[in-house]
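Reading the structure
Residue strings, one per chain:
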Amino acid sequence: MKLQYKIFAGGMAFFILLGGILSVSAATSVVNGSSYQTVRHSNIPSFGGIHYQTTYGTKKTDSGTWATFKATYTEALLGNFAALINSDKYDKTGFVGLKSTAILSKEYNTKKGNVYFSAVSSSKYEPSSSCDVVIKFSANNLK
């Protein structure tokens, strides 16, 4: 009886560990900074509110100090702004106005090999809190 209990307990511990590893690896999708990561920000808060996403990241692969952003879809009448953030939601660039063409934003305190994410804000005059934006971004200069 004791042997069966040990086998059962060991098997359960293994499956719990495996489940934890799989859930962490499935939680984040990272692309190399030498290409764009595409992400949708939904229901961006109104009046300059910020929507953070830390699921789809870009790995910095150069030692430069510029991040690249461009909008592929936007609903906000007054435009949106984007910034590079880390997993703790700290800004790693200033917010830049999104355009359909690539725009650069100066990075600060970024390191080659680290993974970064995106934040999108509305205009401080935007009344809608239901706007969606799809952006492409990279922690590298792709311009």
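Refer to the preceding data block for the structure.
Residues numbered from 1 in each chain as written. Predicted model: local features only at pLDDT ≥ 70, side-chain atom pairs only at ≥ 80, totals over all residues. Heavy atoms only, no water.

**Re the environment of glycine 97**
Put simply, the rule reads: For the purposes of this entry, the term helix denotes a DSSP run of H or I that reaches at least four residues, the term strand denotes a run of E that reaches at least two, and both are numbered from the N terminus. Note on contacts: a residue pair qualifies if any of its non-hydrogen atoms lie within 4.5 Å across the two residues.
Considering the arrangement of structural elements, one finds glycine 97 in strand E6 (residues 96–97). The spatial distance from the C-alpha of glycine 97 to the C-alpha of phenylalanine 69 is 9.1 Å, given a sequence separation of 28 residues. With residues up to four places along the chain from it excluded, the contact list for glycine 97 reads Asn80, Phe81 and Ile103.

**Details of the pairing of strand E8 (residues 115–122)**
For clarity, the threshold we go by: Only protein chains enter the accessibility calculation, which uses a 1.4 Å probe; a residue whose area is less than 20% of its type maximum is buried, one above 50% is exposed, and one in between is partly exposed. For two strands to be treated as a pair, DSSP must find no fewer than two bridges joining them.
Counting buried positions along E8 yields 7 of 8 residues, so the element is predominantly enclosed. Direction of pairing for strand E3 (residues 50–59) relative to E8: antiparallel, over a ladder of 6 bridges. Paired with lysine 59 across the bridge in E8 is valine 115. Pairing analysis gives 6 bridges linking strand E5 (residues 80–85) to E8, with the strands arranged antiparallel.

**Here's the deal with unusual backbone geometry**
Despite not being glycine, phenylalanine 47 shows a phi value in the positive range, around 50°. Secondary-structure assignment places phenylalanine 47 in the loop between strand E2 (37–44) and E3. By relative accessible area, phenylalanine 47 is classed as exposed at 52%. Positive phi, close to 70°, is recorded for lysine 89, a residue that is not glycine. Turning to its location among the elements, lysine 89 is positioned in the loop between E5 and E6.

**So, the sheet that holds strand E4 (residues 66–74)**
Strand pairing in a sheet relies on backbone hydrogen bonds, with the paired strands running either antiparallel or parallel. The line we're drawing: Fitted lines through C-alpha atoms give the axes, limited to the stretch in contact for helices. The angle between two N-to-C directions lies from 0 to 180 degrees.
Strand order in the open sheet formed by 4 strands is E2-E9-E4-E7, and the pairing between neighbours is antiparallel. Here the strands that pair on one side only, and so sit at the sheet edges, are E2 and strand E7 (103–106). When the angles between neighbouring strand axes are averaged without regard to direction, this sheet yields 35°. Bridge count between E4 and strand E9 (residues 131–138): 6 bridges; the pairing is antiparallel. Paired with alanine 71 across the two strands is isoleucine 135, which belongs to E9.

**A few points about the pattern of salt bridges**
The following threshold applies: Between Lys or Arg on one side and Asp or Glu on the other, a salt bridge is scored when a side-chain nitrogen of the former is within 4 Å of a carboxyl oxygen of the latter.
Throughout the structure, instances matching the rule amount to 3 salt bridges. For arginine 40, the salt bridge goes to aspartate 132, with nearest N and O atoms at 3.4 Å. Of this pair, arginine 40 sits in strand E2 while aspartate 132 sits in strand E9; the two residues are 92 residues apart in sequence, bridging distant segments of the chain. Its relative accessible area of 46% is what places arginine 40 among the partly exposed residues. Among the salt bridges present, the one from aspartate 62 reaches lysine 60, with a minimum N-O distance of 2.8 Å. One network of salt bridges, with partners in common, ties together Lys60, Asp62 and Glu107.

Read these as layout, nothing more, since geometry by itself doesn't imply function.
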